[in-house]
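# A look at the structure
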Amino acid sequence: MAATGFRRWIVVITAVSAAILELIDTSIVNVGLTDMAGNLGVTIEDISWVITAYAIANVIVIPMTSFLQNYFGRKNYYIASIILFTVASYLCGIADGLWTLVAFRFLQGIGGGALLSTSQGIMYDAFPVSQRPIASAIFGMGIVMGPTLGPTLGGFIIDNYHWSWMFFINVPIGIAAVLLSSAYIEKKPEEFNIERSKIKIDQLGILLLAVGVGSLQYVLERGEADDWFDSQAILYLSVVALISVPMFIWWELKTDSPVINLRVVKNRNLAVGSILVFIIGYGLFTSILLFPLFAQRIIGYTATKTGNLLIPGGIVTILIFPLVGKSLANGVSPRIFVSLGYLAFITFCFMMAGYDANASEGNFIWALLIRGIGMALINAPIINQCISTLKPQELPTGIAFTNMVRQLGGAFGIAITNTYIAQRTAVHRSDLVSNLQAGDPLTTERLNGLTQGLIAKGVNAMDAVSGAYRTMDAIISRQALMISYLDTFRLAGLFFVVTLPLLFLLQNKKMDPAAAKAAADAAH
């Protein structure tokens, strides 16, 4: 039975807050990577594990959420997940080493993975069927607010406090969410009589999923730094991934009680749509990682300023989101919105690829506004297209699968981005250095100018010469890094361009009322 009055809005606030927490934590650390790396004494590439660990944990847990709710009961599982998320957030804040932080971040991701889909189900239960569009609109706003608030909030914390407060801030909100959930969220009738002994657990499927995805992610993340197959760990884990992933697919298709029912992927819309969702996840996570790095390491913006530049794009997304939902409800083809959203992301990527160290705030705001439009146009319509041709009983699995694929695309995107940046930086540095020839008039003039500048500041002549060479080296390194970022934006744009024709393989079908109701119910 739907909640009413004061209880309903307490449930709404609790559910939306928990979902926003989960989404904020996918992006809040992005603007703090430079500070965190410096504080912990590691490289930017190493500290990116803090993002990757959270994303991989999400990928593993999200498709299992439906099973875990059935096994433990939705309310119990929800509260336990908030507690795990909150405790792990505190442990992240007090971590004094990279791998300790990564381990606690993984635990935080396990807790956070349940919050999004479970919160959505709780939201739907707070409203009668006739008012569920209101629930969708409110929850949709929360989904958009999370990634927007993350970098902005992270920037403010980095510039005014220690980076650990990016995690500590979750603690009071988490405690409040646990207390409110315990008092105001009601159990569903079936939660009172759960017969766990009759529920089959796909232990092998869960193990293969975790081992296969984890091994593959490690290979992608550490491959460049560890010289790929010259490293025994990379070699062994590549073999593990090559064995575990196919075994997982085979087992899930064979077993009667799979943790993920991969048989639904035979549906053309879900199969093709999942590729598009993967690319969208790649684009979303890569852009929210790349822009802060470019703005801070190349332009020199503070974390707060970097976060603030994301706000206008977020506002545009919030304004457009309900219009897209209303248009879909009135029968407008989802393919139109997905196509326009795809074009918006392509435009954003190639705009960013055309900027350099002289880019202005206005340049970035325009590009990020276009990205915000793309976010609003893509998300709901592509999920609609993916599941529009599924049978009602297949919808829960289809929704879980697309959520997993989106997160997986983001996790792979971050790993691919870091590897590509490292490779292209080395290439561009080599090219730039090759242009510096002894006796070259321009090189000599630049070195003399740097030397005289140091002498003017009181540095003795011998130290000034060596200082000029160090300065020149720093300039070259920064230039090589900047060009590699531009290459990476261009690569992301090419992924969207190459997969754009897949849109025309989707069956353009609007969900019938029975399927639409089932899709709404699938969240819980």
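None of these values were measured; they are calculated from a predicted model. (Residues numbered from 1 in each chain as written. Predicted model: local features only at pLDDT ≥ 70, side-chain atom pairs only at ≥ 80, totals over all residues. Heavy atoms only, no water.)

## Regarding the packing of aromatic side chains
Counted under the stated rule, the structure contains 15 aromatic pairs. Aromatic pair tyrosine 355 and phenylalanine 364: ring centres 5.7 Å apart, planes at 85°, arrangement edge-to-face. Here tyrosine 355 falls in the buried class, since its relative accessible area comes to 13%. Taken together, Phe291, Phe294, Tyr301, Tyr355, Phe364 and Tyr485 form an aromatic cluster joined through their ring pairs. (Phe/Tyr/Trp six-rings, centres within 6.5 Å; stacked < 30°, edge-to-face > 60°. Buried < 20%, exposed > 50% of the residue type's maximum accessible area, 1.4 Å probe, protein only.)

## Here's the deal with the confidence of the model for the chain
In this model, the chain carries a mean pLDDT of 80, and residues with pLDDT of at least 70 account for 88%. The low-confidence segment residues 511–524, where pLDDT is below 50, has 26 contacts with residues more than four positions distant or belonging to other chains. (pLDDT = per-residue confidence, 0-100. Contact = heavy atoms within 4.5 Å.)

## Some points on the side chain of serine 484
The topology assignment puts serine 484 in helix H20 (residues 461–499). For serine 484, the contacting residues outside a window of four places in its chain are Ile421, Arg424, Thr425 and His428. (Helix = DSSP H or I, 4+ residues; strand = E, 2+ residues; numbered from the N terminus.)

## As for empty space enclosed by the protein
Across all of its chains, the model carries four cavities of 30 Å³ or more by this definition. Lining the second largest cavity are Asp25, Thr26, Ile51, Tyr54, Ala55, Arg105, Phe285 and Gln407. At three residues, the largest contribution of residues to the lining of the second largest cavity is made by helix H4 (residues 49–61). (1 Å grid on protein atoms, 1.4 Å probe; cavity = no way out; pocket = protein on both sides within 12 Å on 5 of 7 lines; lining within 4 Å. Points joined across faces, edges and corners; volume = space filled by probe spheres on them.)

## Some thoughts on the nonpolar core
In terms of nonpolar packing, the biggest core is built from 127 residues, with Phe364 and Ile382 touching the most fellow members. With 18 residues, helix H13 (residues 268–299) is the largest single contributor of residues to this core. Not counting residues up to four positions away in its chain, the partners in contact with phenylalanine 364 are Phe291, Phe294, Ile299, Tyr301, Leu309, Met352, Tyr355 and Ala359. Formed by five residues, the second largest nonpolar core is a distinct cluster that contains Leu447, Leu450, Ala468 and Ile476. (Core = buried A, V, L, I, M, F, W, Y, C linked by side-chain atoms within 4.5 Å.)

## Observations regarding helix H5 (residues 65–72)
Taken together, the buried positions of H5 are Thr65, Phe67, Leu68, Gln69 and Tyr71. One or two steps after H5, the chain reaches glycine 73, where phi turns positive at roughly 95°.

## Details of the environment of tyrosine 420
By the secondary structure assignment, tyrosine 420 is in helix H18 (residues 395–434). Residues tyrosine 420 and tyrosine 485 lie 65 residues apart in sequence; the distance between their C-alpha atoms is 9.1 Å. When near neighbours in sequence (up to four residues on either side) are disregarded, tyrosine 420 contacts Asp487, Thr488 and Leu491.

## A few points about the pattern of salt bridges
One side chain can pair with another of opposite charge once the charged atoms of both are near each other. Applying the stated criterion to the full structure yields three salt bridges. Lysine 305 serves as the salt-bridge partner of glutamate 361, at 2.8 Å between the closest nitrogen and oxygen. Of the two residues, glutamate 361 is situated in helix H17 (residues 361–387) and lysine 305 in helix H14 (residues 303–309); the sequence distance between them amounts to 56 residues. Accessibility expressed as a relative area gives 35% for glutamate 361, which makes it partly exposed. Salt bridges sharing partners connect three or more residues here, namely Arg424, Asp487 and Arg490. (Salt bridge = Lys/Arg side-chain N within 4 Å of Asp/Glu carboxyl O.)

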